[in-house]
Amino acid sequence: MEPGARYDWDEHNEGHVAAHRVRPPEVEEVLANDPIHIETRVDARSGEKRVLELGHTCAGRILFVAWTPRGKLKRPVTAFDANRKTRAAYQRRRNDEKQ
């Protein structure tokens, strides 16, 4: 993620990530910690581009984060914990990248 990236937060997307027991600073950490791009697609209902990435917080929590570009801002749409199988695959990939 580019340095100084800014985020578009409001009560709607903050509430959505909170429903998954994720805090906005955790979402921002994932996006700042070189996440793995999973896919980019256009949302059928809104027509907006949605980016899905997998990454980790500074505390090591592995999350999926979906966001949409809003001008120069990134608007987080949702975030949720990766399941055990995905966490293990993510950790293997990151370890392989270090070698």
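Colleague: Quick rundown of the overall build of the protein chain? Include the residues and the values.
Modeller: The helix and strand inventory of the protein chain stands at three helices and five strands. For a compact globule of 99 residues, the expected C-alpha radius of gyration is about 13 Å, and the protein chain comes in at 13 Å, within 12% of that figure. Counting only C-alpha atoms, the protein chain reaches 40 × 30 × 25 Å along its principal axes. Taken as a whole, the protein chain presents about 6,400 Å² of accessible surface, with 48% of it coming from carbon and sulfur.

Colleague: Run through the pattern of salt bridges, naming residues and quoting values.
Modeller: Inspection of the entire model under this criterion finds twelve salt bridges. Close ionic contact of Arg50 with Asp43 constitutes a salt bridge, the shortest N to O distance being 3.9 Å. Pair check on accessibility: Arg50 and Asp43 agree, each one buried. The shortest N-O distance in the salt bridge between Glu48 and Arg50 comes to 3.4 Å.

Colleague: Please set out the sheet that holds strand β1 (residues 6-7) residue by residue, giving values where relevant.
Modeller: Overall, mixed pairing links the five strands, which are arranged β1-β5-β4-β3-β2 in an open sheet. Each edge of the open sheet carries a strand with a single partner, namely β1 and β2 (36-42). By the bridge criterion, six bridges tie strand β3 (residues 49-56) to strand β4 (residues 62-70) in an arrangement that is antiparallel. In the sheet register, Leu54 faces β4, and the bridge partner there is Phe64.

Colleague: Summarise the packing of aromatic side chains; cite the residues concerned and give the values.
Modeller: One pass over the structure, following the stated rule, counts one aromatic pair. Directly above the aromatic system of Trp67 lies the positively charged group of Lys74, at a separation of 4.4 Å from the ring centroid.

Reading the values: rules and limits
Residues numbered from 1 in each chain as written. Predicted model: local features only at pLDDT ≥ 70, side-chain atom pairs only at ≥ 80, totals over all residues. Heavy atoms only, no water. Helix = DSSP H or I, 4+ residues; strand = E, 2+ residues; numbered from the N terminus. Rg over C-alpha atoms; globule rule 2.2 N^0.38 Å. Areas by Shrake-Rupley, 256 points an atom, 1.4 Å probe, with all protein chains shown as cover. Salt bridge = Lys/Arg side-chain N within 4 Å of Asp/Glu carboxyl O. Buried < 20%, exposed > 50% of the residue type's maximum accessible area, 1.4 Å probe, protein only. Pairing = 2+ DSSP bridges. Phe/Tyr/Trp six-rings, centres within 6.5 Å; stacked < 30°, edge-to-face > 60°. Lys NZ or Arg CZ within 6 Å of the ring centre and 35° of its normal.

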